[in-house]
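As a plain string of letters, each chain reads:
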Amino acid sequence: MKQSGNVLSFLGIAILTLGISILLILMVGSNVNQAFFSFLSGIFGSFYSVSEVLVKAIPLILTGLGVAVGARSGFINIGAEGQLYMGAIAVTCMAFWLNDLPAILMIPLVILGGFVFGGVWSVIPGFLKARFGISEVITTLMFNYIAISIVGILVRTILKDPSSSLPMSAFLPDSATLPVFMSTTRLHAGLLVALISVVLVWILVWKTPIGYEMRAVGLNPRASKCSGISVYKNIVLSSLISGGLAGIAGVCEVSGLHHKLLEGISPGYGYIAIIVALLGKNHPLGVVISALGIAALQVGSLGMQRMAGVPTSISSIIMGVVVLLILARKSLFRRLLPDE
Amino acid sequence: MALLSMKNICKSFFGKRANNRVCFDLMPGEIHALLGENGAGKTTLMNILYGIYSRDSGVILWKGQEVSFTSPREAIACHIGMVHQHFMLVPTLTVSQNITLGLREKGYPFPDRKALNATITEVSEKYGLEIDVNAYISSLSVGEQQRVEIIKLLYRDAELLILDEPTAMLTPQETEYFFEVLRKLRADGRSVIIITHRIPEIMSITDRVTVLRDGCNVVTEKTSDITEQELSQYMIGRQLNSIQREPIVPDAGREGLLLEDVSLKEKNIKGLDSISLQIAPGEIVGVAGVDGNGQKELVEVILGIRKQSSGKIGLDGLDMSSMSVLERKKLGIGYISDDRQQDGLVMDMNLTDNMLLKTHTEQQFIKGGLINARLVWEDTKKVVEEYAIKTPDLNTPLRNLSGGNQQKLILAREMAGDPKAIVAHQPTRGLDIGATEFVQQQLLQRRSKGCCILLISADLEEILLLSDRIAVIYKGRFMGIFPNTKDLNLSHIGLMMAGRTSEVREESL
């Protein structure tokens, strides 16, 4: 009864989402069949389209993983976007500064640098929360604007490419770019970085005493304190890892995809990351699946716009609807689920 | 004719029968006790009446009419009111604001506060429920808060008052005062249902008593026609093992748990005031007192969860005044908190993870930097068998276990590795008699192994049953420490719990 109720409620969510999508498609005056066909072919239609899903999934996995690690210890990180930008700054600065290093040293160094920059950007709110009880929801969010503005300043001043009139940096030296898997696609080695991060985070959170403490603090800080676990230490640590992972996402975007620093390097990955973590239930594997799903939704909606004339904004609306339905699931489907 | 009659009420949670064809009748103007162990279905039955739970089957007749409330609001509209065990008051509002909360009185949303206060005072004076209507709830004692809850119901003209464990937090004197109020309510033709498991109180105040056991009716009888022994038999349904305490075996080599002049001052409020105490190995010292007189502060200072402002705390000659919680625990202090769900367990974690709360820092459970899951699993399995913890499997979140089984897991965890001292704060709160007995036996077993035990309980009977010495705490101070002998003056202890010390003042009362 309990299990089938759960399955039924998710089926209900799927049907409602589908219904709302159809309504939206009809509202913009497109053909529903054609829209769905173009959506699916936008994802699975070609080798390239599938690789595009993976390209989009890389930053979503990393930032989503970051948000999830934070959430495990009760650190609500709204600032993955800003931390991603900090990571992007780190990789760009380091690449120009250490430009004669070979790739084998450069790549690990810039990843580490991105981790540290992103981590610092999030450990400050983490410290403020742990030490003074200041809400990290506000501070991390505010830090986004600062980071984005810093990028804006940098690409117009010291990092500006002198040979171009646009506010962007020059191309990174080759040693600082991640290799592309297949020359016909944009899929780069950032995918490996993301997947390795997933495995490492999974081991850290689920297999080590440190991860255990972080989870315990997230679920019941009071009981943790009474058992001698330092709530302070664990919040600071998890905020560091959380921001660090988002920083690595910034590294991958710059050195894997754009090969330079520019304004608007992330179309809101850091915010979508919150949804990725939420849908993935803050579990590393869940994060991978939900990141792939959301990336596919975005890539598919591009196909839908190209071929059926349905605006891509629909994908954002649908994402919002899904999140709303998942959050409201327990009360919407109260009758199906057992009393709590 | 009965004022209220509930017939064949059934209610299941997760396939477990909480109420099984329960019948209950209430006459107008009677005080009726609903007696049973924890988990017998008393509160469930009343929550069904009050519209908090829906019943699976059965009929409720109120003044001869069939009713079925879907929310407390509807029950209150029919003049039925309930005071829950945990009060539903807003601490930052005044008494008067709390009483009229949710009512759209004349002039709403700008009611005439003076007129309302006059009405409230009229109601409260009628039943001897003295209260300052302009006081803030946060400044009131537990007894006064209870008065506010009752006035709240009377203000809404409740003809039936349901009181869930009303005396649990009161001193003996406050309880007597409270009974006076109940008698006045009865004289006024109102009916009262008291949910309780305290038999002596039933004998002194109620007209009739209904006993429930395992969700079923056992008996309904006039209180005057039944004895305490019979009631106890009905409630438990079996014979209790009586608890035997052997004399202490002194262990000269150990100093035990020592508190020297320990004080705690937080935000200019004195939580503890020069507490000195030495607990010998193999001794149980019970601390009696009304909840909120510094008990929580005392245990948390001993554990290092709060830092004392002055004084010294030591164990077996080792000064641990400035040690962290973890260091103290590693020294061998087991801690049973009064709030197991908040302080002792992570309710959303499973059994093995909750055992890890202590063992994740122990080297034997770590292998190559990783938690040795197999060993933890085996350790937990052993504990589950040894303490007979009822659980579907080791992966069940603690949330889904009963209170008794949750408490057993805490005991198992905190008593592992032969602790030198145990701080047990309300270790049997909310447990049924079987589980209570188990916990008490465990404490006595530790005592005979030379453990120093500090037992804090609001239940005076428990203190009397287990302690070698009894300390009475009031406003963070020890009013006195006595050996627990047969000729102990109980009323004396009761008065000390209420803050009175000298014999002279006792007589002048």
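Residues numbered from 1 in each chain as written. Chains lettered and ligands numbered in written order. Predicted model: local features only at pLDDT ≥ 70, side-chain atom pairs only at ≥ 80, totals over all residues. Heavy atoms only, no water.

Before going further, it helps to spend a moment on the overall build of chain A. A count of helical and extended segments in chain A gives 14 helices and zero strands. Against the globule reference of 20 Å for 340 residues, chain A gives a C-alpha radius of gyration of 21 Å, in line with a compact fold. Its C-alpha atoms put chain A at 60 × 60 × 30 Å along the principal axes. Looking at the 340 residues of chain A, the share that counts as buried comes to 53%. Just so you have it, chain A exposes about 15100 Å², and 72% of that area is on carbon and sulfur atoms. Separation of charge centres in chain A, based on 20 positive and 11 negative side chains, amounts to 12 Å. (Helix = DSSP H or I, 4+ residues; strand = E, 2+ residues; numbered from the N terminus. Rg over C-alpha atoms; globule rule 2.2 N^0.38 Å. Buried < 20%, exposed > 50% of the residue type's maximum accessible area, 1.4 Å probe, protein only. Areas by Shrake-Rupley, 256 points an atom, 1.4 Å probe, with all protein chains shown as cover. Lys, Arg positive; Asp, Glu negative; His and termini not counted. Charge placed at Lys NZ, Arg CZ, Asp CG, Glu CD.)

Residue and element names in this part refer to chain A. Packing of helix α2 (residues 32-44) against helix α3 (residues 47-72) leaves a shortest axis separation of 5 Å and a crossing angle of 80°. The angle between α2 and α3 falls in the class roughly perpendicular. Along the contact surface, α2 presents S41, G42, I43 and F44, while α3 presents S49, V50 and V53. Along the lines of polarity and charge, the residues of the contact of α2 with α3 split into four nonpolar, three polar and no charged. (Axes fitted to C-alpha atoms, helices over the stretch in contact; angles between N-to-C directions. Parallel < 35°, antiparallel > 145°, perpendicular 65-115°, else oblique. Contact = heavy atoms within 4.5 Å. Nonpolar A, V, L, I, M, F, W, Y, C, P; charged D, E, K, R; others polar.)

Another point: the interface of chain A and chain B. If you look at the interface, chain A gives 19 residues, while chain B gives 27 residues. For the chain A face of the interface with chain B, the top three residues by lost area are Y212, R222 and C226 of chain A, together amounting to 30%. The interface formed by chain A and chain B contains three salt bridges. R222 of chain A is the partner of D343 of chain B in a salt bridge, and the nearest nitrogen-oxygen pair spans 2.9 Å. Across the chain A-chain B interface, the total number found is eleven residue pairs in polar contact (both at pLDDT 80 or more). Elements that contribute at least two residues to the side of chain A that touches chain B include exactly α7 (190-207), α8 (209-219) and α9 (221-226) of chain A. By residue number, the principal contributor to the side of chain A that touches chain B is α8 of chain A, which donates six residues. (Buried area = accessible area lost by both parts, 1.4 Å probe. Salt bridge = Lys/Arg side-chain N within 4 Å of Asp/Glu carboxyl O. Polar contact = N/O pair within 3.5 Å; in protein donor to acceptor, adjacent residues only side chain to side chain.)

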